[in-house]
Every structure is written in C-alpha cells, then in structure tokens.
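# Summary of structural features
Below are the chains, spelled out letter by letter.
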Amino acid sequence: MKITIITITYNAEKVLRPTLQSVERQTHNDVEHWIIDGASKDETLKLAEEYKRHDDAIENGHEVKILSEPDNGIYFAMNKGLKRATGDYVLFLNAGDTLASNDTLDEVCASVGDGEELPAVIYGDTDVVDTEYHFEHHRRLKPPKKLTWRSFRFGMLVCHQAFYARRDIAQQIPYDTQFRHSADVDWCIKVMKEGARRGLPNRRVHAVVANFLDGGDSTQNHRESLRERFRVMCRHYGVVTTVVMHVWFVIRSL
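So, here's what we can say about the structure. This is a predicted model, so every value here is computed, not measured. (Residues numbered from 1 in each chain as written. Predicted model: local features only at pLDDT ≥ 70, side-chain atom pairs only at ≥ 80, totals over all residues. Heavy atoms only, no water.)

## Here we look at the packing of aromatic side chains
As enumerated under the stated definition, the model contains six aromatic pairs in all. Sitting over the face of the ring of Trp149, Lys193 holds its NZ or CZ atom 4.6 Å from the ring centroid. (Phe/Tyr/Trp six-rings, centres within 6.5 Å; stacked < 30°, edge-to-face > 60°. Lys NZ or Arg CZ within 6 Å of the ring centre and 35° of its normal.)

Shown next as structure tokens:
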C-alpha cells in the first residue's frame, strides 16, 4: 500500500527535523510525503529542502514534495495537502510529531490482509513525549478494540497522528475551517461516518504508532479547543448526549 504523509509547517525549524527523520527512516518503501508550509520566515524551508535532496539520493521508494505559500491557518493547509494526496491512506503528521518506530508504516500496512478490501480507517496507540523526545507517558485516552464514529462521544480516543484514513474517503471530506483548533475531531468523525455508510470496517494496529509532542496547538489553546470540541460533539451526537458526556468527563477527572 502507498501511504501519503502530510506535514504542516510554519516557522517550525525547532521541531521539524525529528519529524522528517522519523519518516525518512521508515522501512516501508511506498511513501509520499507532502510538506505544506505557510511561507515560513525561519529555516523551516531550508530543512525541508535538505531533507528532500537527501531522500531523493536514497533509493527507498520515498517521494518528498514541498509546497510553500501563505495560508489562513492549519486546516486550510491540511486541505491543500489532502487534495494533492495520491496514496491509499492519508496520515497527518505535523511538525514535532513522529512515527513511533522505523517499521511503523509496515505494521500499519500489515494489518490489512492480502486481497482484503481496504478498511476505512487504520488506527493505533500514541505515546506522549517531551521536547527532548523522551517518553513521558502513554496517552490517557485509549483506542477501543472496535472503533466507530460513535466512539468519539467519549473523547478523541484516537490521536490524529495515529489515524490513517482511506484516501478516497478522506478527499471527499475537507476540514471544516470554521474551527480553528478542533476541526480534526470533526473530520475524523465524518471519515468514520462515511466508512460506516459504505459498510467498511475500521482496523486497529495493536502497537504504538505515533509519538505526540506535548504542547501542540490544542494544548496551547486548551480552553478554546474544548469549546470547539463541545460544538463538534453537539453536531454529531446531539446536545443532550454531549452535556451528559461532559458531566461524566468532569466526574471521571475527580
């Protein structure tokens, strides 16, 4: 299977290198890596171009593509990457986040049997790392054995960086740019809904597939992100269910 990885960057020179290295080291040999940059003013593009030249010199079946131009925010950039993806699956791995091991993509692809119809979503576990990329802890929310679009009423059980969406589904569903911090939650639910409409399963990889860098956008804008997630949940699960679940969230945290 061909995997398209999309990395969104803007003035990301301090955190980009580990992300690029984690993709370059993948043993899987059919990878398209789009770097969608928002016209960075630091050394981000220099790092990206060096990575592209180095990867082009290695016969590893990887193809690096770079687009740099001004945009209106992260989800506008994600939509640009989504339109250009050509892989069987799409993964968003933003600057600072990394694939868990060198054979992560092989593990993801091996979860689908030969001749089997491709699942709507392939997903796995996530670890949280610090700025030195040392393990901090396993992500508190755990993926269920059987993931459906209704699962996210309990919270975002699968990290965005561990969510591989079938490209033909994903490209039908652009990110809703009215959201500034939580369009990824809305998008994941919509992808799973469309998969369910088509009668497709979701497939779990029983392994950590992503390292999430603590302190990303949703962490830095925590309060606004929570407000948006409430709106997203109301959209998909209704107001009553959403209020009840948020009461449960509060009780659970005590």
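Moving on, there is more to tell.
## Digging into the side chain of Arg204
Turning to its location among the elements, Arg204 is positioned in strand β9 (residues 202-213). With relative accessibility at 19%, the residue Arg204 sits in the buried group. A polar side-chain atom of Arg204 sits 3.0 Å from a polar atom in the side chain of Asp125. At a separation of 3.1 Å, a polar atom in the side chain of Arg204 contacts the main-chain carbonyl oxygen of Pro143. In this structure, Arg204 is in contact with Tyr123, Asp125, Pro143, Pro144 and Lys145, ignoring residues within four places of it in sequence. (Helix = DSSP H or I, 4+ residues; strand = E, 2+ residues; numbered from the N terminus. Buried < 20%, exposed > 50% of the residue type's maximum accessible area, 1.4 Å probe, protein only. Polar contact = N/O pair within 3.5 Å; in protein donor to acceptor, adjacent residues only side chain to side chain. Contact = heavy atoms within 4.5 Å.)

## What about the nonpolar core?
Ranked by size, the top nonpolar core spans 71 residues in total, and within it Ile5, Phe152, Phe163, Tyr164 and Trp187 carry the most contacts. Here the element with the most residues in this core is helix α6 (residues 183-197); it accounts for seven residues. Contacts of Tyr164, omitting those with residues within four sequence positions, involve Ile3, Tyr89, Val90, Leu91, Leu99, Thr104, Leu105, Val108, Ala120, Val121 and Ile122. (Core = buried A, V, L, I, M, F, W, Y, C linked by side-chain atoms within 4.5 Å.)

## Points about a nonpolar patch on the surface
On the surface, Val239, Val243 and Val247 cluster together into a nonpolar patch covering about 240 Å² of accessible area. Relative to the elements of secondary structure, Val239 occurs in helix α9 (residues 239-253). (Patch = residues over 30% accessible without salt bridge, like charges linked within 9 Å, V, L, I, M, F, W, Y side chains within 5 Å. Areas by Shrake-Rupley, 256 points an atom, 1.4 Å probe, with all protein chains shown as cover. Salt bridge = Lys/Arg side-chain N within 4 Å of Asp/Glu carboxyl O.)

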